[in-house]
Amino acid sequence: MPVAVRTAKELEQIDCLIIPGGESTTISKMLGSSDLLDSLTEKIQSGMPTWGTCAGMILLASSLLDGRSDQHFLGAINIVVRRNAYGRQIASFEAAVDIPAIGSRPFLGVFIRSPIVEKAGSEVEVLATLDDLPVLCRQGPVWASSFHPELTDDTRLHQLFLKEAATCLGIPNGQP
Amino acid sequence: MASSVESLNSEMTSHKTGTFRVKKGLAEMLEGGVIMDVVTSDQAKIAEDAGAVAVMALERVPADIRKEGGVARMSPPEVVEAIQNAVSIPVMAKVRIGHFAEAQILQAMGVDFIDESEVLTPADEEYHIDKMPFEVPFVCGANNLGEALRRINEGAALIRSKGEAGTGNIVEATRHLRAINSELAELRQMPESKTRRIDLVARVAKRHRVPMELIEAVAKAGKLPVPLFCAGGIATPADAAFVMQLGAEAVFVGSGIFKSENPAVRANAIVEATTNYKDPDILLKVSRNLGEAMLGEELATLKTRLADRGW
């Protein structure tokens, strides 16, 4: 059963986490004013499978360009991310993305005021690129995508994430 | 880097901009947040510092439009540009109902969302803007389900209650949210039997003046095909939590913040209340020591009812 997480108490109930899109400066601000920042950092460091999309990717990055100077980021995946890199909404777009890990049929990537991964460390596995830029990355149990799979009905990526999370958590044949 | 990426984007034919999915996508990214009316770059910074998910760039807030009267138009480009330059969150701006040339100008400025708004003086008494051809998404106000569906049929990517802007009085927004929700509930009760259903869908479509396909899609999903936000009359953290619990997916706050005694503190509190709208302990905490709210107005005393504009 999915749980919406706004407090440290709600965070205790979950085995893996998806940080969806939204306004990254707002998410950062609300993390700082709640009791979540420390507990979330700790839980991700202890190996909780976590996937951030768009604003979630920004939050998980190790380095942030064009963010607010007081913006929190957790350093959970070794990527340098530039916020709003394509520009304003008028430059938001959808594009077919090839993701070999889920088969040959392309995935419809929806990029909304999206960030760009400018650099990925050697420990980061790039699962998909678009125009030679990484758009889906993985480092151990931590995933980051600059597009929004939550805005399409295609669940292949979510299924793969859950399958890997189950393996990571030691749940045989199961989903967390 | 940014400029090379922009040229990359325009060269790529596989990149489709301005699709309905992309327009609605931004609306969905604003869910759970607060969009604040601002008239200066300083106010915009206060809004961003407080955790607003977007700002609405205006020349005058609705309370002042109401007080000063005259024809209310799109804000001058330099007013909107100053605000675009001051913050990194999305910037919205308003156009008059039906005034597609104002919308073309805002799109050329790269405004992130256009509000075709009854708060400004309507420019066309028959037609709203045909929003489909625009690449920038539109939000429109609605008093009831029919109005919401007509705007969606014209291409709106987001619907908000109209409320009664500039009054600090939540009662009208409550009426609109409740009307939309109860009419949606009726559609969810549609009979399964095919012949009876087609008959009913046709009647509802005729009543609302929209295609049958749209009614069928809404009846099937049980909700609007775009997000529903609340606007008009929100003045306190409790107001924000109230409309979120009534089913709004985010809130617009107009005069309520910058017409109050301590805007920065109130802006913070309304963001906290919108995020934690179901947690009375947090609502209590953030409702303390905010200073005076905007005075507000009783609806019966109003000379102009903005919510009656649009159809």
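These figures come from a predicted structure and were not determined experimentally.

Student: Which parts of the structure should I look at to understand the overall build of chain B?
Tutor: The helix and strand tally for chain B stands at 14 helices and nine strands. Whereas a compact globule of 311 residues would reach a radius of gyration of roughly 19 Å, chain B reaches 19 Å, a difference of no more than 12%. In terms of its C-alpha atoms, chain B occupies a principal-axis envelope of roughly 60 × 50 × 40 Å. Every one of the 311 residues in chain B was classed for burial, and the buried ones make up 58%. Expressed as a percentage of contacts within chain B between residues at least 6 apart in sequence, the contacts between residues at least 24 apart total 66%. Within the structure as shown, chain B displays about 13100 Å² of accessible surface, and the carbon and sulfur contribution to it stands at 51%.

Student: Explain unusual backbone geometry to me, please; I cannot follow it from the model alone.
Tutor: Only a minority of non-glycine residues have a phi that is not negative, and only a minority of peptide bonds are not trans. Of note, the phi angle at Arg113(A) is positive, near 40°, even though the residue is not glycine. For Arg113(A), the position within the fold is in the loop between strand 6 (107-111) and strand 7 (116-120). With a phi angle near 55°, Arg209(B) is a residue other than glycine that sits in the positive phi range. With respect to the element layout, Arg209(B) can be found in the loop between helix 9 (194-208) and helix 10 (212-221).

Student: Sorry if this is basic, but what is going on with the packing of aromatic side chains here?
Tutor: Remark: the centre distance and the inter-plane angle together describe each pair of aromatic rings, the angle taken between the planes. Residues and elements named next belong to chain A. Within the structure shown, the criterion is met by nine aromatic pairs over all chains. Plain terms: the ring middles of Tyr86 and Phe93 are 5.0 Å apart, the flat faces sit at 70° to each other, and that makes the pair edge-to-face. A single burial state applies to Tyr86 and to Phe93, both of which are buried. Ring centres of Phe107 and Phe147 lie 5.9 Å apart, and the angle between their planes is 50°; this geometry places the pair in the tilted category. Of this pair, Phe107 sits in strand 6 while Phe147 sits in the loop between strand 10 (142-145) and helix 5 (156-168), and the two are 40 residues apart along the sequence. Residue Phe107 shares its accessibility class with Phe147, and that shared class is buried. Aromatic ring contacts, followed pair by pair, group Tyr86, Phe93, Phe107, Phe111 and Phe147 into a single cluster.

Student: Please explain helix 13 (residues 263-275) of chain B as it appears in this structure.
Tutor: An α-helical turn contains 3.6 residues, so any two residues separated by three or four positions project in the same direction. Between its first and last C-alpha atoms helix 13 of chain B spans 18 Å; for 13 residues at 1.5 Å apiece the expected length is 18 Å, and the two agree. Within helix 13 of chain B, the full set of buried residues consists of Pro263(B), Arg266(B), Ala267(B), Ala269(B), Ile270(B), Val271(B), Glu272(B), Ala273(B), Thr274(B) and Thr275(B).

Calculation notes
- What you see as residue numbers is a count from 1 along each chain, following the sequence as written.
- Here every chain gets a letter starting at A, and every ligand a number starting at 1, in the order they are written.
- Side-chain atom pairs in this predicted model are given and counted only at pLDDT of 80 or more, local residue features only at pLDDT of at least 70, and totals for whole chains, interfaces and linings cover all residues.
- Side-chain numbers here rest on the full set of heavy atoms in the structure, without hydrogens or water.
- Labels follow the DSSP assignment, with helices taken as runs of H or I lasting at least four residues and strands as runs of E lasting at least two, numbered in each case from the N terminus.
- Here the radius of gyration uses the C-alpha set of atoms, whereas the globule reference equals 2.2 Å times the residue count to the power 0.38.
- Summary of the burial criterion: residues with accessible area below 20% of their type's maximum are buried, those above 50% are exposed, and those between are partly exposed, where the area comes from a 1.4 Å probe applied to protein chains only.
- Residue contacts follow a heavy-atom distance rule, with two residues in contact if any of their heavy atoms lie within 4.5 Å.
- Only the protein chains shown count as cover for residues, and all accessible areas are computed by the Shrake-Rupley method using a 1.4 Å probe.
- Aromatic contacts are taken between Phe, Tyr and Trp rings whose centres are within 6.5 Å, Trp giving its six-membered ring; a plane angle under 30 degrees counts as stacked, one over 60 as edge-to-face, and the others as tilted.
- Take the number of residues in a helix, subtract one, and multiply by 1.5 Å to get its expected span.

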